[in-house]
Amino acid sequence: MPNERGNFEVVELSMLKKHMFFPLSGLGNFTAQTVLYPFVLLRTRLQLQEGAQVYRGLVHAISSVVKEEGFRGLYSGYLIRSLHIFSGTIYVSTYEVARQACTVFPALSPIHRSFVGGAVASCVAQSFFVPIDVISQHLMVVNRNRVHETMVSNIDSIKKRNPNLSFNSNYFLPLTPVQLTQKEMSSNWGRLIGVIRYIKQTHGLQGFYKGYIISMCTFVPSSALWWSFYDKFCGLIHFISKKIWDEPIQDSIVLSSNNDSSPVPRLIIQLISAPLAGISSAIIVNPLDVARVRMQVSHIPFKQSVINLWQSEGIRWFAKGLSARLVQTTFHSFWVVLVYEPMKLFCLKDDYREKFYSIPTEE
C-alpha cells in the first residue's frame, strides 16, 4: 500500500554497517564544514553589524575581508570550529538512533520520525556545539578589530595627506567587545587562548554557554524542520515525477524500493530536496539566529537583543545575514546529501542492497 511519501523509502540505521557508517559520516561532515566555513564567518559578521555600517552585503563582505585580511581572513576561527567534526558525528549518530527508535510507534509517519530524530539530535549536539560556537564567533570577528585599529590609528596621517577624504566612523566600530594583547593577536593560537581567557575572566564558565537556551530554541526547530522538509520534498518530487512519466525508466542509477521505481534517479531527488529543505528551514529560524549571535558575542540578554534589533533594523532584522545563510545552507545541504546518502548506500548490509540498487537486465 503506498505511503504518504510515495514509496520513497529511507535507508534506516538498522540496514547499515555501523562500523563503516559512523566514521565516514564524521569525515563527510568535516569536509562540508571546511568548504563552507567562509559563509558561516560572513553570515556572523553581517548579523553582528548595525544596519550596513561595515558591509553592504554578502559580495561586499567577501571582497572586504579578502582585501583587508587576505584569503586566510575567511577562515578566522576555523581552528576551534573544526572540533565540530566530533559534535557533527554525535549529531548524525543521534539522529539515526532516535529515528530508528521511533519505529516502535506505528502511528508516526516517516516524516514525523525525521522531525523527532532531528529535534533529539540537535538537543544532544547543542551541549557540544554552544561552547565551540561562542568561542569561534568571537574569533570570526576579532581579527577585524586588529585591522581596523590599525586603520583608526592612521586616520590623522591619512587626513593630512588627503584633507578632502571623508570617513564613515561607524566603519571602524568593533564587532566584538573582546580586547586582546598585541602578542595574543600575533597568531591563531594566541587569539584562541586570548578569547578563552577573556570569556572566562569577564563572564566566568557560564560565558561559554551564553545563549544556550536560545541556541536550543534556534537549532532544535531548525534541525527538526530540515529533516522533515527533506523527507517531504523527497516524497513530493518522487510522486510528481511518477505522475509526469507514466512509464518509469528502468535503468535509473539508484531507485526506490518495492519495485515502485521513479523515472528520476533517487540521488537526484535527494539533491534537489536537500537545498529546498535548507532554504525553508533557514528562512524560518533566521531571526532567532540573529538574536542568538548578538547574545553570544555581545553578551546582551535576549530581550534586549530583540529590542535593539527591532529599533535599529525594523523588519530588516528578519533578513539580516540571510543571504550568506541561504548560500551556506544551500551548498551545505547539497554537499551533505551528495556525500551522506551515497555513503549510506555504500554502508548497506548485503541483505538490503537489492532494495536500493537497480541492476538492469539484458534483453
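Residues numbered from 1 in each chain as written. Predicted model: local features only at pLDDT ≥ 70, side-chain atom pairs only at ≥ 80, totals over all residues. Heavy atoms only, no water.

Caption draft 1: Highlighting the overall build of the protein chain. A tally of helices and strands in the protein chain yields 13 helices and 0 strands. Scanning the protein chain from its N terminus toward the C terminus, one meets helices and strands in the order α-α-α-α-α-α-α-α-α-α-α-α-α. Across the protein chain, every contact between residues at least 6 apart in sequence was considered, and the portion connecting residues at least 24 apart equals 78%. Carbon and sulfur atoms make up 65% of the accessible area of the protein chain, which amounts to about 17,700 Å² in all. (Helix = DSSP H or I, 4+ residues; strand = E, 2+ residues; numbered from the N terminus. Contact = heavy atoms within 4.5 Å. Areas by Shrake-Rupley, 256 points an atom, 1.4 Å probe, with all protein chains shown as cover.)

Caption draft 2: Fine view of the confidence of the model for the protein chain. The predicted model of the protein chain has a mean per-residue pLDDT of 78, with 81% of residues at 70 or higher. No element of the protein chain has a lower mean pLDDT than helix α6 (residues 155-161), at 49, and none a higher one than helix α10 (residues 266-298), at 89. Confidence drops under a pLDDT of 50 for residues 1-6, and excluding neighbours within four residues, the segment shows 12 contacts in the predicted structure. Note on residues 359-363: pLDDT under 50 across the span, and 0 contacts to partners over four residues away in sequence or across chains. (pLDDT = per-residue confidence, 0-100.)

Caption draft 3: Region of interest: the UniProt feature "transmembrane region" (unreviewed entry) in the protein chain. Here the UniProt feature "transmembrane region" (unreviewed entry) sits at residues 20-42, 207-229 and 267-285. Spanning residues 207-229, this segment combines 78% helix with 0% strand, and its end C-alpha atoms are found 34 Å apart. (UniProt positions renumbered as here; feature names shortened; annotations may be inferred.)

Caption draft 4: The packing of α10 against helix α11 (residues 302-313), seen in detail. Axis separation between α10 and α11 bottoms out at 9 Å; the angle between their running directions is 115 degrees. In this structure, α10 crosses over α11, and the sense of that crossing is right-handed. Contact with α10, carried on its side by L288, V290, A291, R294 and M295, involves F302, S305, L309 and E313 of α11 and no other residues of that element. Class assignment for the residues of the contact of α10 with α11 results in 6 nonpolar, 1 polar and 2 charged. (Axes fitted to C-alpha atoms, helices over the stretch in contact; angles between N-to-C directions. Left-handed = near helix turned anticlockwise from the far one by under 90°. Nonpolar A, V, L, I, M, F, W, Y, C, P; charged D, E, K, R; others polar.)

Caption draft 5: Layout of empty space enclosed by the protein. Under the definition given, this model contains 2 cavities of 30 Å³ or more. In this structure, the largest cavity encloses a volume near 910 Å³. Taken together, 39 residues line the largest cavity, and the ones lying closest to its centre are Q33, Y91, F129, Q328 and H332. Listed by contribution, the elements that provide at least two residues to the lining of the largest cavity are α1 (18-48), α4 (84-101), α5 (110-153), α9 (212-244), α10 and α12 (322-346). Considering every element that reaches the lining of the largest cavity, the biggest residue donor is α1, with 10 residues. (1 Å grid on protein atoms, 1.4 Å probe; cavity = no way out; pocket = protein on both sides within 12 Å on 5 of 7 lines; lining within 4 Å. Points joined across faces, edges and corners; volume = space filled by probe spheres on them.)

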